[in-house]
Protein chains: 2
Amino acid sequence: MRKKDRQQAPPSGDSARDKLLEATSQLMIERDTLDITLSEIAERAQVNAGLVHYYFRGKEGLLFALIDRDVAPGVSELSSLVNMDLPPIQKMVVHLTGIIRAYYRNPYLNRLITAMTRDGRRDRVSRVLTELLIPLLKAHTIILESGFEAGVFRKIDPMLFYFTVIGAVDSMYSNRFSLRALVGAERVSEELHQANEKHLINLIMRGILVDGAPYRLL
Amino acid sequence: MRKKDRQQAPPSGDSARDKLLEATSQLMIERDTLDITLSEIAERAQVNAGLVHYYFRGKEGLLFALIDRDVAPGVSELSSLVNMDLPPIQKMVVHLTGIIRAYYRNPYLNRLITAMTRDGRRDRVSRVLTELLIPLLKAHTIILESGFEAGVFRKIDPMLFYFTVIGAVDSMYSNRFSLRALVGAERVSEELHQANEKHLINLIMRGILVDGAPYRLL
């Protein structure tokens, strides 16, 4: 879809398109909701509202393009990571770091994906499945198995691991109420994010390692 | 609030009140949304819609009463657990088991709490804080510290731990889309729940333990 949009783009390039995506992202973060109107988005992006239809054919297309923007680079890095000649422990650490940073940058990710698939429309569901969920689960399966074979990971069910990781990582970044109550802030600061990244990676890594595996706490 | 409602209840007892709560819970689980009307709830409960106003003074009261029903017993058990003469490892296992089972029974919990606090109304926020969030965080703090002092837990930040646990536990039970996609089911079966409970407790416990701590995998 992205390619196609690009082919149709006017000579002025992608800047209006990128501005619309960035405005959507910012507004969803600021307001802690996906309920943003197209005219609010156009106004924030300082572009003509008609361009939303030109580039994305409406809000659904815009939101999918945002998922593409936020997630696709990570998913393609992930498949190269899986094929790299690295020990399973390092692979898993790199992978977890990537997921945590994606949620830090885009705390609305889970909510966006839930909203896009809630109605069960097959075309939407199959996009999210093939572009996102299945590549992630596949990567988990391969890394967990190679670590088990290398004798450094316990036997871990990749599907249960998928749910655990996505939930544990998403939690602080998307839970505005608890964040406000416990931290007194509207957003996770860079400092808190760094502490959380270390905490999460240490907890999850030690959670899957066998005794004596060569892992140094971050 | 519950007590007060009870005092006002007619001689027929609480059964209509309980039916309304249970109908709300069931409908939210079945439809995977909090958007259920009062008349749908009354119809499912087979009671007169006017009783919602009688018992709860409207939907907000009904939803808070549901939080009370679902969460209050666990929170009060938690404070007795914290004071029990048990080793920190066992305390934490019992505590995690309680949280996991609460989400299994009531997968809408996080969403319900988010919805009730989204508008930032002080009375709602302070109820959720004092009845739920602060007791949980306090229990985490005490159990984590006693385990650290006993030399069995690593030094773990209770606030980061709170977010990790709530997110990791909530994940499978509330994420209908991924569940449907990965498991092919609308709800977590008893068998899958049991596997997930073991997986989560083992991962989180090993995640916080020091090397050589006396913990046997479930």
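As shown above, the structure is provided for reference.
Note that the coordinates shown come from a computational prediction; the quantities given were computed from them, not determined experimentally. (Residues numbered from 1 in each chain as written. Chains lettered and ligands numbered in written order. Predicted model: local features only at pLDDT ≥ 70, side-chain atom pairs only at ≥ 80, totals over all residues. Heavy atoms only, no water.)

**Some remarks on the overall build of chain A**
- Across its full length, chain A carries eleven helices and zero strands.
- When the elements of chain A are put in sequence order from the N terminus, they spell out α-α-α-α-α-α-α-α-α-α-α.
- Burial statistics for chain A: of 218 residues in total, 55% are counted as buried.
- Taking the intrachain contacts of chain A between residues at least 6 apart in sequence as the baseline, contacts between residues at least 24 apart amount to 68%.
- As displayed, chain A has an accessible area near 10,200 Å², and 53% of this comes from carbon and sulfur atoms.
- Within chain A, the 26 negative side-chain charges are centred at a point lying 2 Å from the centre of the 29 positive side-chain charges. (Helix = DSSP H or I, 4+ residues; strand = E, 2+ residues; numbered from the N terminus. Buried < 20%, exposed > 50% of the residue type's maximum accessible area, 1.4 Å probe, protein only. Contact = heavy atoms within 4.5 Å. Areas by Shrake-Rupley, 256 points an atom, 1.4 Å probe, with all protein chains shown as cover. Lys, Arg positive; Asp, Glu negative; His and termini not counted. Charge placed at Lys NZ, Arg CZ, Asp CG, Glu CD.)

**Overview of the packing of helix H9 (residues 158–174) of chain B against helix H11 (residues 190–208) of chain B**
All names here are of chain B.
- Across the interface, H9 lies against H11 with an axial gap of 11 Å and an inter-helix angle of 160°. As far as their axial angle goes, H11 and H9 are roughly antiparallel. Relative to H11, the crossing made by H9 is right-handed. Where H9 approaches H11, its residues Phe161, Val165, Ala168, Val169, Met172 and Tyr173 are matched on the opposing element by Leu192, His193, Asn196, Leu200, Ile204 and Ile208.
- Split into classes, the residues belonging to the contact of H9 with H11 amount to ten nonpolar, two polar and no charged. (Axes fitted to C-alpha atoms, helices over the stretch in contact; angles between N-to-C directions. Parallel < 35°, antiparallel > 145°, perpendicular 65-115°, else oblique. Left-handed = near helix turned anticlockwise from the far one by under 90°. Nonpolar A, V, L, I, M, F, W, Y, C, P; charged D, E, K, R; others polar.)

**A few points about the relation of the copies chain A and chain B**
- Between chain A and chain B, which share one sequence, the superposing operator has a rotation angle of 180° and an axial displacement of 0.0 Å; the RMSD is 0.0 Å. As the rotation angle and translation indicate, the two copies are arranged about a two-fold axis.
- The share of interface residues of chain A whose copies in chain B are also at the interface is 100%, consistent with both copies meeting through the same surface. (Least-squares fit on C-alpha atoms with pLDDT ≥ 70 in both.)

**Details of the layout of surface pockets**
- Considering only enclosed or pocket space, the largest pocket measures out at about 1,500 Å³ in volume.
- Taken together, 49 residues form the lining of the largest pocket, with Arg111, Thr114 and Arg118 of chain A together with Arg111 and Arg118 of chain B sitting closest to its centre.
- Elements with a contribution of two residues or more to the lining of the largest pocket: helix H5 (59–83), helix H7 (109–117), helix H9 (158–174) and helix H10 (176–183) of chain A together with helix H5 (59–83), helix H7 (109–117), H9 and helix H10 (176–183) of chain B.
- Split into classes, the residues belonging to the lining of the largest pocket amount to 13 nonpolar, 16 polar and 20 charged. (1 Å grid on protein atoms, 1.4 Å probe; cavity = no way out; pocket = protein on both sides within 12 Å on 5 of 7 lines; lining within 4 Å. Points joined across faces, edges and corners; volume = space filled by probe spheres on them.)

**Focus on helix H2 (residues 15–31) of chain A**
- Between its first and last C-alpha atoms H2 of chain A spans 24 Å; for 17 residues at 1.5 Å apiece the expected length is 24 Å, and the two agree.
- Buried within H2 of chain A are the following residues: Ala16, Arg17, Leu20, Leu21, Ala23, Thr24, Ser25, Leu27, Met28 and Ile29 of chain A. (Expected span 1.5 Å × (residues − 1).)

**Structural notes on the interface of chain A and chain B**
- Contacts between the two partners involve 45 residues from chain A and, on the opposite side, 45 residues from chain B.
- Here chain A and chain B share two salt bridges between them.
- The salt bridge involving Asp211 of chain A is made with Arg206 of chain B; its shortest N-O contact spans 2.9 Å.
- Where chain A packs against chain B, one counts ten residue pairs in polar contact (both at pLDDT 80 or more).
- Elements that contribute at least two residues to the side of chain A that touches chain B include exactly H7, helix H8 (122–149), H9, H10 and helix H11 (190–208) of chain A.
- Element by element, the count of residues in the side of chain A that touches chain B is highest for H11 of chain A, at eleven residues.
- Of the residues contributing to the side of chain A that touches chain B, the split by class is 28 nonpolar, eleven polar and six charged. (Salt bridge = Lys/Arg side-chain N within 4 Å of Asp/Glu carboxyl O. Polar contact = N/O pair within 3.5 Å; in protein donor to acceptor, adjacent residues only side chain to side chain.)

**Some words on the packing of H5 of chain B against helix H8 (residues 122–149) of chain B**
All names here are of chain B.
- Viewed as axis vectors pointing N to C, H5 and H8 meet at an angle of 20°, and their least axial separation amounts to 10 Å. The angle between H5 and H8 places the two elements in the roughly parallel class. Our pair here, H5 against H8, has a crossing hand that is left-handed. On the side of H5, the interface is formed by Glu60, Phe64, Asp68, Val71, Val75, Leu78 and Val82, while H8 contributes Arg124, Arg127, Val128, Glu131, Leu132, Pro135, Leu136, Ala139, Ile142 and Ile143.

**Some points on the nonpolar core**
- Formed by 154 residues in total, the largest nonpolar core has its most connected members in Phe153 and Met205 of chain A together with Phe153 and Met205 of chain B.
- The contacts of Phe153 of chain A, once residues within four sequence positions are left out, are Pro88, Ile89, Met92, Ile143, Leu144, Gly147, Phe148, Met205, Ile208, Leu209 and Val210 of chain A. (Core = buried A, V, L, I, M, F, W, Y, C linked by side-chain atoms within 4.5 Å.)

**Observations concerning the environment of Val47 of chain A**
- Tracing the chain through its elements places Val47 of chain A in the loop between helix H3 (38–45) and helix H4 (50–56).
- Residue Val47 of chain A is classed as buried on the basis of its relative accessible area, which comes to 15%.

**Regarding the environment of Tyr104 of chain B**
Residues and elements named next belong to chain B.
- Structurally, the position occupied by Tyr104 is in helix H6 (residues 88–105).
- The sequence separation of Tyr104 and Thr130 amounts to 26 residues, and the corresponding C-alpha distance is 23 Å.
- Setting aside anything within four residues of it in sequence, one finds Tyr104 in contact with Tyr173, Arg187, Val188, Ser189, Glu190 and His193.
- Within the structure, the side chain of Tyr104 is placed 2.9 Å from the side chain of Glu190, a separation counted as a polar contact.

**What about the pattern of salt bridges?**
Residue and element names in this part refer to chain A.
- Tallying each qualifying case throughout the model produces 25 salt bridges over all chains.
- Residue Asp32 is joined to Arg176 by a salt bridge in which the shortest nitrogen-to-oxygen separation is 4.0 Å. With a gap of 144 residues between them, Asp32 in the loop between H2 and H3 and Arg176 in helix H10 connect regions that are remote in the sequence. Side by side, Asp32 and Arg176 carry an identical accessibility label, which is buried.

**Some points on unusual backbone geometry**
- Its identity as a non-glycine residue notwithstanding, Asp32 of chain A has a phi of 60°, on the positive side.
- A positive phi angle, close to 60°, is found at Arg57 of chain B, a residue other than glycine.

**Overview of H9 of chain A**
Residues and elements named next belong to chain A.
- Counted at 1.5 Å a residue, the expected span for H9 with its 17 residues is 24 Å, and the 24 Å between its end C-alpha atoms agrees.
- Of all 17 residues in H9, 17 are buried; the element is thus mostly enclosed.
- Its side-chain oxygen at 2.8 Å from the backbone nitrogen of Met159, Asp157 defines the N-terminal cap of H9.

**Overview of the packing of aromatic side chains**
- Considering all chains together, one arrives at eight aromatic pairs over all chains under this definition.
- Judged by centre distance (6.0 Å) and plane angle (50°), the ring pair of Tyr55 of chain B and Phe56 of chain B falls under tilted. Residue Tyr55 of chain B shares its accessibility class with Phe56 of chain B, and that shared class is buried.
- The structure contains a cluster of three or more aromatic residues connected by ring pairs, namely Tyr54, Tyr55 and Phe56 of chain A. (Phe/Tyr/Trp six-rings, centres within 6.5 Å; stacked < 30°, edge-to-face > 60°.)

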